[in-house]
Amino acid sequence: MENRLVVFDWMRTVGIFMILFHHLPKYYLGLQNLDQDNIDINLLSFYELNRYFSLGLFVFISGYLINQKRQRFLNSKSLLKFFYKKIIRVFPLYYLALIAFIYIYHVFDPVYIIIHILGLQLLFVSATFSALPTLWFIGLIVIYYSLFMILNYQPIKPIYKIFLILFFPILMVTLGLYFQITDLKIILYYFTFLFGILSAEILFFESQLWQKINLIIPVLFGFIFLLSFFIFREYGLKNIHPIYAYLLINIIQLVFILFIYKICNSLSRKFPSAKLVNLIAYSSYCMYLFHRPLWFLMVSIMQNKLQIANQNLILFILICLGLPLLIILSYFLQRFYDKYFMRLADRLN
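Not measured: the values here are computed from a predicted model. (Residues numbered from 1 in each chain as written. Predicted model: local features only at pLDDT ≥ 70, side-chain atom pairs only at ≥ 80, totals over all residues. Heavy atoms only, no water.)

**Concerning the side chain of H291**
Consideration 1: Along the chain, H291 turns up in helix α12 (residues 275-305).
Consideration 2: Only 2.8 Å separates the side chain of H291 from the backbone oxygen of Y288, close enough to count as a polar contact.
Consideration 3: Among all residues touching H291, those that are not within four sequence positions of it are I19, L20, H23, T134 and L326. (Helix = DSSP H or I, 4+ residues; strand = E, 2+ residues; numbered from the N terminus. Polar contact = N/O pair within 3.5 Å; in protein donor to acceptor, adjacent residues only side chain to side chain. Contact = heavy atoms within 4.5 Å.)

**Description of the packing of helix α10 (residues 217-234) against helix α11 (residues 242-270)**
Consideration 1: Across the interface, α10 lies against α11 with an axial gap of 9 Å and an inter-helix angle of 145°. As for the relative orientation of α10 and α11, their crossing is left-handed in sense. Counting all contacts with α10, which are made through I217, P218, L220, F221, I224, F225, S228, I231 and F232, the residues of α11 involved are L248, I251, I252, V255, F256, L258, F259 and K262. (Axes fitted to C-alpha atoms, helices over the stretch in contact; angles between N-to-C directions. Left-handed = near helix turned anticlockwise from the far one by under 90°.)

**So, the nonpolar core**
Soluble globular proteins tend to bury their nonpolar side chains together.
Consideration 1: Counting 110 residues, the largest nonpolar core has M11, F60, F137, Y144 and Y189 as the members making the most contacts within it.
Consideration 2: Top contributing element to this core by residue count: helix α5 (residues 136-151), with 13 residues.
Consideration 3: Ignoring sequence-local partners within four residues, the contact set of Y189 consists of R51, Y52, L55, G56, V59, W136, L140, Y144 and Q253. (Core = buried A, V, L, I, M, F, W, Y, C linked by side-chain atoms within 4.5 Å. Buried < 20%, exposed > 50% of the residue type's maximum accessible area, 1.4 Å probe, protein only.)

**A closer look at the packing of aromatic side chains**
Consideration 1: Across all of its chains, the model carries 42 aromatic pairs by this definition.
Consideration 2: When the centroid spacing of 6.1 Å and the interplanar angle of 75° are considered together, the rings of W136 and F137 count as edge-to-face. For the pair W136 and F137, one class covers both residues: buried.
Consideration 3: With a centroid separation of 3.6 Å and an interplanar angle of 15°, the aromatic rings of F205 and Y261 are classed as stacked. Of this pair, F205 sits in the loop between α8 (190-201) and α9 (208-213) while Y261 sits in helix α11, and the two are 56 residues apart along the sequence.
Consideration 4: Of the residues examined, Y261 reaches a relative accessible area of 7% and is grouped as buried.
Consideration 5: What links up through ring pairs into an aromatic cluster is the set F8, F60, Y64, F195, F204, F205, W210 and Y261.
Consideration 6: Between R51 and the ring centre of Y52, over which it is positioned, the NZ or CZ distance is 5.8 Å.
Consideration 7: A cation over a ring is seen here: K185 above W136, with NZ or CZ 5.1 Å from the ring centre. (Phe/Tyr/Trp six-rings, centres within 6.5 Å; stacked < 30°, edge-to-face > 60°. Lys NZ or Arg CZ within 6 Å of the ring centre and 35° of its normal.)

Printed below as a string of C-alpha cells:
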C-alpha cells in the first residue's frame, strides 16, 4: 500500500462511500422503492445524480491508474502479459462475489451464468436478460481495459486507433438501440474513462491548464449541479432528448470528478498519512463486490433469526455495524488474496 497515490486513495474512499450510501436504502425496508427503474425523480433527484457521480468517479480513477505508467505494448507478448495480470487482479474475487449474487438473486440459467463468468454481461442483453446489479461494473471495466490494450498496442497504426475511439460508441449505440443486444451503460461512462487515460497521459493535474481552471471548479460545479438537479427534478432523464441527457450526464460527471480531485488533493496534502483512508481505498474493490451479499445476510438474520421488525433499528445496525464489518472483512480478504494469489501475477515482473 505504500506506493499508492494518496490523492487517489482519498478519491476512492469518497467514491466507495457514495456507492454504499446509494445502495443502502435498498436494504432499508421503508425505502425499498428506491429501485433505479422506479425512482420518483421529483423527490429523489440527488439520489439519481449520485449514481452518475460515484460510478463516474470510479471509472475515471480506473482509466487514470491503468495509464499511470503510460505503458506501451510493443508486441503480443507484452500485451498478453498485461492481460494476464489484469485477469488475475480482477476475476477471482469477482467470481467469489458472483457465487453470492447467484444465490441472492436465484440465478439458475447456465447461459446467463456463463456470460457473467466471461464478463460479457453488458454485451449481451435482451428483454429477458440483464446484468446482475453491481457486478455489471466488472463487465464494463473488462470492455474498457480491452480498449485500453488495443489503443496502446504499438503495431496498430494511429489512424486505426482514432477510428476505433470514434467508431466504438457509434457501434454500441447501434447495437443497443436498434438491435437491443448491448447495454447502453457501455457508452455512458466511455468518455469518462478516456478522460482518465488522457489525464494520466498528459499529466493534466500537473499542467498549467489545471492551475488556471482549478480555482473556478467549485463555482462551475455548483452551477452545473443546480442546473442538473432542476432538470432531473422537473423533467427526469427519460423525458428529455437522449442526446441532451447523455451530454448532461457526461458534463456533470466531468465537473464532479475535477471538483472531487481538488478537494481530495487538498486533503491528501494536509493528511498525507491517513491510515484509515489508505485502508479503505485498499479494500474498496472488495467492499464494492461484497457489500450487497453482506447486507443481504445481515438483514436476513435480523428479520428471520432475531425477529427485528423496526425499520430504523435495521438501518442503524446496517450503518453502525455493517459498514465497519464490511471494511474489516474486505481488508483481510484483499490482504489474503494479495498474499497468496497475486504472486501468480508478480512472477511476470
